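# Working through the structure, step by step
In case you want the letters, here they are:
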Amino acid sequence: MVAEDIKELRADGNDPLFDKSNMLYKEFPSDFRQIRYFTLLIVQSAPLEIKEINLLEQQISEVIKNAVKHGNHCDINKKVRVWYSFSATHAHIIVKDEGEGFKDLEKWNDFNKKRLECLRDSNFEELSNYVTFRTKKSDDQDGGNALFAALEYWDGGFVYDDERNGVAMLKRFHQKRHGVTLD
C-alpha cells in the first residue's frame, strides 16, 4: 500500500456527487429511536437486483445515525435531509444535518493514515493505538469505525460539503450476466 492508495475523507461542496438532479427526497426529525425506520423508508426504493442490499442498508443507517447523533445532537427539532437515487448499477445518497459539521476531518485522516501504515507494516503493537478515533465530544459508543467502512464501501466517492455537515456518496454495483461482469 503506497500513500496514493490511502483513501481520505475530503470536503468539496462543488463535487459532482452533490448534484441533486432526479433524486428522491425525504426529511426526518432527529429521533434516534427511528433511525432504522428512516433507513427502511429510503432503502425500499432500491431495486431488487441490488445484491448487497443489507450492506447498503447498514451504510445508509450509519450515515443517518451520525447526522442525528453527532450533527443534530438528537435534537428532535432539527432535521436530517436525505436525497437518494437507486438503480441496478448504483446507489447515490446525500445526507445533510443542521449541525456545526465534522471539524476533525483532517485529524481523522491523519489517524486513519497511521492506522493503515500499522496494518501495512504488521506493526500490531502500534496498531493498538489506532483502534478507535475519539474526539472531545465522543462517547463510549463512538470510534470512527463507520467512517473506515464508508471509505471502503462507497467506491464512487464519499465527500463532505464545505460546511462539513452534509455528505454525498456513491456506490457502484456491477451487473453479471452469464457469469460475466458488466460495467
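For clarity, every value in this text was computed on a predicted model and none was experimentally measured.

This part takes up the sheet that holds strand β6 (residues 166-172). Taken in spatial order, the six strands of this open sheet run β1-β5-β6-β4-β3-β2, and their pairing is mixed. With partners counted over all chains shown, the strands left at the sheet margins are β1 (10-11) and β2 (24-29), one partner each. Sheet topology places strand β5 (residues 157-160) next to β6; four bridges connect them, and they run antiparallel. Bridged to Tyr-160 within β6 is Val-167. Running over the sheet, helix α2 (residues 53-71) touches β3 (79-86), β4 (90-96), β5 and β6 and is turned about 155° from β3.

Turning to the pairing of β3, a few remarks are in order. Most of β3 is tucked away, with six of its eight residues classed as buried. Judged from the six bridges that link them, β2 and β3 form a sheet pairing that is antiparallel. By the bridge assignment, Pro-29 is partnered in β3 with Lys-79. Sheet topology note: the β3/β4 ladder contains six bridges and is antiparallel. If you follow Val-82 over to β4, its bridge partner there is Val-95.

We note that His-73 has phi near 50°; this positive angle belongs to a residue other than glycine. Residue position: His-73 is located in the loop between α2 and β3.

This part is about the pattern of salt bridges. Applying the stated rule across the entire model yields 15 salt bridges. The shortest N-O distance in the salt bridge between Glu-152 and Lys-7 comes to 3.9 Å. Here Glu-152 is found in helix α5 (residues 145-153), whereas its partner Lys-7 is found in the segment before β1, with 145 residues between them in sequence. What makes Lys-7 partly exposed here is its relative accessible area of 37%. One salt bridge in this structure joins Arg-10 and Asp-12, with 3.8 Å as the shortest N-O distance. Judged by relative accessible area, which is 27%, Asp-12 ranks as partly exposed. Within the structure, one salt-bridge network assembled from shared partners comprises Arg-10, Asp-12 and Asp-15.

Definitions and limits used
Residues numbered from 1 in each chain as written. Predicted model: local features only at pLDDT ≥ 70, side-chain atom pairs only at ≥ 80, totals over all residues. Heavy atoms only, no water. Pairing = 2+ DSSP bridges. Helix = DSSP H or I, 4+ residues; strand = E, 2+ residues; numbered from the N terminus. Contact = heavy atoms within 4.5 Å. Axes fitted to C-alpha atoms, helices over the stretch in contact; angles between N-to-C directions. Buried < 20%, exposed > 50% of the residue type's maximum accessible area, 1.4 Å probe, protein only. Salt bridge = Lys/Arg side-chain N within 4 Å of Asp/Glu carboxyl O.

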